Amino acid sequence: MSGWQHFAPLPPIWPPDRFEVRSARPIPDGGAADRYHFSRTAHEAAARLRDVGLATQVQVVRIEDGTALFDLVAGVEVPLEHW
């Protein structure tokens, strides 16, 4: 009956995060940082924050190398195909 037990850890079910969407919002909300695996989802989150106007600063950073792919204040918006 002991054949069904496994002692090795199971692999994670979620893919690793690759992008971090950072935003600065007026007080009392302050700032927030959310992480995403898929580039399209991270881009969509940043674009919605920009379009709704809730955040004073929005930035998307590639976690692997720290490259800013989207920055509302600096006017940076790398095309999604290059993320």
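A.B. asks: Break down helix 1 (residues 39-52) for me, with residues and values.
C.D. replies: Taking 1.5 Å of rise per residue, 14 residues should cover 20 Å, and helix 1 covers 20 Å from first to last C-alpha, within 8% of that figure. Along helix 1, the residues that are buried comprise Ser 39, Ala 42, His 43, Ala 45, Ala 46, Ala 47 and Leu 49. Close packing links the buried residues of helix 1 with strand 1 (19-24), strand 2 (31-36), strand 3 (57-62), strand 4 (68-71) and strand 5 (76-77).

A.B. asks: A description of the pattern of salt bridges should follow, citing residues and the corresponding values.
C.D. replies: Enumeration over the complete set of coordinates arrives at six salt bridges. Glu 44 serves as the salt-bridge partner of Arg 48, at 3.3 Å between the closest nitrogen and oxygen. Placement of the pair is Arg 48 and Glu 44 together in helix 1, with a separation of four residues, close to one helical turn. Of the residues examined, Arg 48 reaches a relative accessible area of 54% and is grouped as exposed.

Calculation rules
Residues numbered from 1 in each chain as written. Predicted model: local features only at pLDDT ≥ 70, side-chain atom pairs only at ≥ 80, totals over all residues. Heavy atoms only, no water. Helix = DSSP H or I, 4+ residues; strand = E, 2+ residues; numbered from the N terminus. Expected span 1.5 Å × (residues − 1). Buried < 20%, exposed > 50% of the residue type's maximum accessible area, 1.4 Å probe, protein only. Contact = heavy atoms within 4.5 Å. Salt bridge = Lys/Arg side-chain N within 4 Å of Asp/Glu carboxyl O.

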